[in-house]
Each structure stands twice: as structure tokens, then as C-alpha cells.
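Breakdown of the fold
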Amino acid sequence: MCGRFVSTNSPERIAAYFGASFDSATDESVPTVAENYNVAPTNDVYAVVADRDHPGTPAVRLFRWGLVPSWAKDPKIGSKMINARGETVAEKPAFKKLFASRRVLIPMDGFYEWKQVAGLKVKQPMYIHRRDGEPLAVAGLWSAWRDPSVEPGQGAPAPWLHSCTVITTTANATMAPVHDRMPVLVPASRWHEWLDQNNADVDRLGQMLVPAPDDLLVIHPVSVAVNNVRNKGPELIDEVEPAEPGGPGQLPI
């Protein structure tokens, strides 16, 4: 799965990297989000999505992490829908239609996973990122939700909540010693195909939902300070000596 990640790039830098549109003067509806070295479910994140007003050109928009389906009665369901399994995303009722038409790329500097170490009660947090330092382009889905309890005619309509989920797949050889799942990473050569809202070829799209090449990612241990979602600073990705059985180990924060 993917339960925490790092997002530090501005929307302008994301737009430049993905060839997307973003103009701070005209895209005033996209609020500024601070650098976050510990993105947790329900946090707001930047993502790249097809721009309905400019077909063929993706746009950077803001989404809440944790999918809230359009039919949901309450947005709280989003905290339980932070991931979608690639093996069933084309079949599950909550994801099926979104997979065919509402796909998104979620830029990440890297992500965290927790490794079980024999002899230790506390799992060792690990930080996973690209070997070359480039951002990860993570496959996701998005949805738009509006509070159904707000009746028409009661004044201003309820605002739209745009949310997203991360698609996961089986771990590659690099990730397997840490966890059996990993986010789906979309190569640059297929960004356009993934974001194209007119592309509903779910069989071909499903072929992208595979583990990343084994040599793409590197992993190192980090402090258990990342266990606390209130910690958001850059020190969280600093490499530390891993805890060992019989040693002082690391205590939970």
C-alpha cells in the first residue's frame, strides 16, 4: 500500500516537469500548499489531470488524498480509500467508472513504507525514491463530491470536493523486502495516454498497472519521527542507522 509520501514541489515546478498548464495569475482557485515531507490521508496535494478547457494539455490542480465517491453520503469515507488495487480497479464499483475516465498523476518526491525487522517490536520506517532524484509520477484516480445534505435553494450550493486515490500493484524486487505492495509509477512515455480523458481502453490502461523496473528506486531507513503525522519537516527523509535486535533500537514517537 501507500500510506505516507513526500510532496515538496510548487505547482509551477510540477507544471514545468509534466508539461502541464498552471498560471498563478489565472489559476487563483488552486490554493497554495506548503512543502510536506509527511503527507497523510486527508491532506491536500497537487496532482496533474486532463484539462477539460484545454484538451490535450494537462493541468495542475489540488485534490484531497482519500477518494470520496460522488455517491458518498459523508466525506469521511475518503480516509478508507487512499489506495486502489491495480488488480481490481477496473471491476470495483467505487473505481470502475473513474478508471475509464478520471485518471490522474500524483507527483511525489518519494514515499514511506514500514519494514518488519525480526526481534524488534517497532517497524523500521523506510524512505523510497527514484535513484536519479526525479519526481515519481504515481497513477491515481479522482472524483468530485458535493454534500448531498445541502438542499438546492438553501443559498449558495455546496462546494465541490475533489479527491484522489493512489493505485498500487505488487512490489518489485527492490520493494519486496520492505512491503508486498507499491504505487504504480507511470513512465513519461505514457503520461499522455494515462491522462487522456477520451481514452477508455481499460485493457490497455490495465497494462500500465505493473511494478516499476527494479533499478528505478532506492531505499534507506529514516527516523521513527515520521510515524507522527504532525511532523512535516525535511529531516524526516534523512538516512539513519537502522535499528537492530539487541541494540538500543528506536522507540515510537
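Figured I'd write up the structure that's included with this text.

The rules behind the values
Residues numbered from 1 in each chain as written. Predicted model: local features only at pLDDT ≥ 70, side-chain atom pairs only at ≥ 80, totals over all residues. Heavy atoms only, no water. Buried < 20%, exposed > 50% of the residue type's maximum accessible area, 1.4 Å probe, protein only. Helix = DSSP H or I, 4+ residues; strand = E, 2+ residues; numbered from the N terminus. Arc of directions from axis to C-beta. Core = buried A, V, L, I, M, F, W, Y, C linked by side-chain atoms within 4.5 Å. Contact = heavy atoms within 4.5 Å. Phe/Tyr/Trp six-rings, centres within 6.5 Å; stacked < 30°, edge-to-face > 60°. Lys NZ or Arg CZ within 6 Å of the ring centre and 35° of its normal.

**Points about helix α1 (residues 11–18)**
- Considered for burial, the residues of α1 that qualify are Pro11, Ile14, Ala15 and Phe18. Along the long axis of α1, the arc covered by the buried residues comes to 100°, so they all point the same way. Across from the buried face of α1, at angles greater than 90 degrees, the exposed residues are Arg13 and Ala16.
- Once α1 ends, the next one or two residues include glycine 19, with phi positive near 65°.

**Structural notes on the nonpolar core**
- With 31 residues, the main nonpolar core has Val89, Phe95, Leu105, Ile167 and Trp194 as its most contacted residues.
- Aside from chain neighbours lying at most four places away, what touches leucine 105 is Phe18, Ala47, Val48, Ala137, Val138, Val186, Trp191, Trp194 and Leu195.
- In this structure, Cys2, Ile106, Met108 and Val138 belong to the second largest nonpolar core, which totals 28 residues.

**Re the packing of aromatic side chains**
- Evaluation of the coordinates by the stated rule reveals 8 aromatic pairs.
- Ring centres of tyrosine 17 and tryptophan 191 lie 5.7 Å apart, and the angle between their planes is 50°; on these two criteria the pair is classed as tilted. Taken together, the residues tyrosine 17 in helix α1 and tryptophan 191 in helix α3 (residues 191–195) connect sequence positions 174 residues apart.
- By relative accessible area, tryptophan 191 is classed as buried at 13%.
- Site record: aromatic cluster; members linked through ring pairs are Tyr17, Phe18 and Trp191.
- When the ring centre of tryptophan 142 is taken as reference, the NZ or CZ atom of arginine 102 above it lies at 4.3 Å.
- A cation sits over an aromatic face here: arginine 103 above tryptophan 194, 5.7 Å from the ring centre.

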